[in-house]
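# Summary of the model geometry
Chain residues, written in single-letter form:
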Amino acid sequence: MFDIGVNLTSTQFAADRDKVVKRAREAGVTGLLITGTNALESQQAQRLAERQPDFCWSTAGVHPHHASEWSNETASTLRRLAERPQVVAIGECGLDFNRNLSAHDQQEYAFDAQLALAAELNMPVFLHCREAHDRFAAVLAPWLPKLPGAVMHCFTGTREELESCLAMGLSIGITGWVCDERRGLALREMLPLIPAERLLLETDAPWLLPRDMHPRPTSRRNEPCFLPHIVQQVALWRGEDRDTLAAQVDRNARTLFRLA
């Protein structure tokens, strides 16, 4: 089972990053993709991945929250990082019209620029979309024929949005959000709609701790070692065998990100 979304650069992991990775290995996790959300964190993510060869990889990108920081220097940094063997996708990139930490036009410009970079470098993209699906799809669609693959990270949208993402050929990343009895029930019902070969799983640690873990962890911090719980629950709700699903999502991640 492969965790495609770990924010290992977060200060919440500052005191015990190596132990976090060790616990993930011991829990049966087979790989981690460390998320880059701006130029600095993308560099940090690459360096962390470099320390754990054949277990950790990273993305390089600018999250829509940081789109106002986009510059030629940022583009050069991402391009340079993309040459490193640990960096296997461009992103996290996309649109977020929920918090609007960057203006919409800045978000769209940075998103389009990263899609262009991914197309030029023939790299998959790690996508973010929140309350912006129509504009997100409009910006993304022209680039899809030029991209080798794409995953909608931490999907929490509607059924119509899921069907749209699947029609565009996107893989779908599911997090512990689906384990939330307050917010995740609609997503839980949509799980069987996702083709097995397009499903990816992730913790989005340190956020989105699954609420249905028993006993509950003493800390609210999520960790990649909790991915087996997400696998177990998603398998249950999809009516599938846990081990079969764990092997499938590992295979899907390695195929999308072209890992040995």
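Being a predicted model, the structure only gives us computed values, none of them experimental.

### Looking at the pairing of strand E4 (residues 87-96)
- Counting buried positions along E4 yields 10 of 10 residues, so the element is predominantly enclosed.
- Sheet topology note: the E4/strand E5 (residues 125-130) ladder contains 6 bridges and is parallel. Among the inter-strand pairings, Cys93 is bridged to a residue of E5, identified as Leu127.
- Handedness of the β-α-β unit built from E4, helix H4 (residues 104-121) and E5 comes out right-handed.

### Some remarks on the UniProt feature "binding site: a divalent metal cation 2" (unreviewed entry) in the chain
- Sequence positions flagged by UniProt for "binding site: a divalent metal cation 2" (unreviewed entry) are, in local numbering, His128 and His153. Taking the farthest pair of C-alpha atoms as the criterion, the annotated set spanning 26 residues converges on one region, since that pair is 5.8 Å apart. From this annotated list, the subset lining the largest pocket comprises His128 and His153.
- Discounting residues that sit within four places of it in the chain, His128 has contacts with His63, Pro64, Glu92, Cys93, Gly94, Leu95, Asp96, Phe136 and Met152.
- Within the structure, His128 has its side chain in polar contact with the side chain of Glu92 (distance 2.9 Å).

Analysis parameters
- Residues numbered from 1 in each chain as written.
- Predicted model: local features only at pLDDT ≥ 70, side-chain atom pairs only at ≥ 80, totals over all residues.
- Heavy atoms only, no water.
- Buried < 20%, exposed > 50% of the residue type's maximum accessible area, 1.4 Å probe, protein only.
- Helix = DSSP H or I, 4+ residues; strand = E, 2+ residues; numbered from the N terminus.
- Pairing = 2+ DSSP bridges.
- Right-handed = clockwise from strand over helix to strand, strands pointing away.
- UniProt positions renumbered as here; feature names shortened; annotations may be inferred.
- 1 Å grid on protein atoms, 1.4 Å probe; cavity = no way out; pocket = protein on both sides within 12 Å on 5 of 7 lines; lining within 4 Å.
- Contact = heavy atoms within 4.5 Å.
- Polar contact = N/O pair within 3.5 Å; in protein donor to acceptor, adjacent residues only side chain to side chain.

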